[in-house]
Amino acid sequence: MTKEELRAELERQAERYKDVYGGEVTTYAAQPEPERKPWRKRASILDQAFAQELEKMEKDLRQDEH
């Protein structure tokens, strides 16, 4: 089903609902997802320490290879 077919089908259903039940149909665009999640704004101290440890391990590995 293409977007156009889906749009037409939803329009038909909305019209039928208005005719049969006398109801009102409100259509609106979906809200976009927020850019940043509030719990992901900053790395915690543990995250920073983990990243530093990974960097140290990578440096050690590179030094061992050379």
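Right, let's walk through the structure included here. Predicted model only: the values in this text are computed from it and were never measured.

1. Remarks on the overall build of the chain
And then number 1: Scanning the chain from N- to C-terminus turns up two helices and zero strands.
And then number 2: Residues classed as buried in the chain amount to 2% of the 66 residues present.

2. Considerations on the pattern of salt bridges
And then number 1: Within the structure shown, the criterion is met by five salt bridges.
And then number 2: Between glutamate 4 and arginine 7 there is a salt bridge, with the nearest N and O atoms lying 3.0 Å from each other. Taken together, the residues glutamate 4 and arginine 7, both in helix 1 (residues 3-21) and three residues apart, mark about one turn of the helix.
And then number 3: Residue glutamate 4 is classed as exposed on the basis of its relative accessible area, which comes to 55%.

3. A word on helix 1
And then number 1: Relative to the 27 Å expected for 19 residues at 1.5 Å per residue, helix 1 spans 26 Å between its end C-alpha atoms, a close match to the ideal helical length.
And then number 2: Looking one or two residues past helix 1, glycine 22 carries a phi angle of roughly 70 degrees, positive in sign.

4. A look at a nonpolar patch on the surface
And then number 1: Side chains of Met1, Leu6 and Leu10 sit close together on the surface and give an oily, nonpolar patch of about 350 Å² of accessible area.
And then number 2: Among the structural elements, methionine 1 can be located in the segment before helix 1.

How each quantity is defined
- Residues numbered from 1 in each chain as written.
- Predicted model: local features only at pLDDT ≥ 70, side-chain atom pairs only at ≥ 80, totals over all residues.
- Heavy atoms only, no water.
- Helix = DSSP H or I, 4+ residues; strand = E, 2+ residues; numbered from the N terminus.
- Buried < 20%, exposed > 50% of the residue type's maximum accessible area, 1.4 Å probe, protein only.
- Salt bridge = Lys/Arg side-chain N within 4 Å of Asp/Glu carboxyl O.
- Expected span 1.5 Å × (residues − 1).
- Patch = residues over 30% accessible without salt bridge, like charges linked within 9 Å, V, L, I, M, F, W, Y side chains within 5 Å.
- Areas by Shrake-Rupley, 256 points an atom, 1.4 Å probe, with all protein chains shown as cover.

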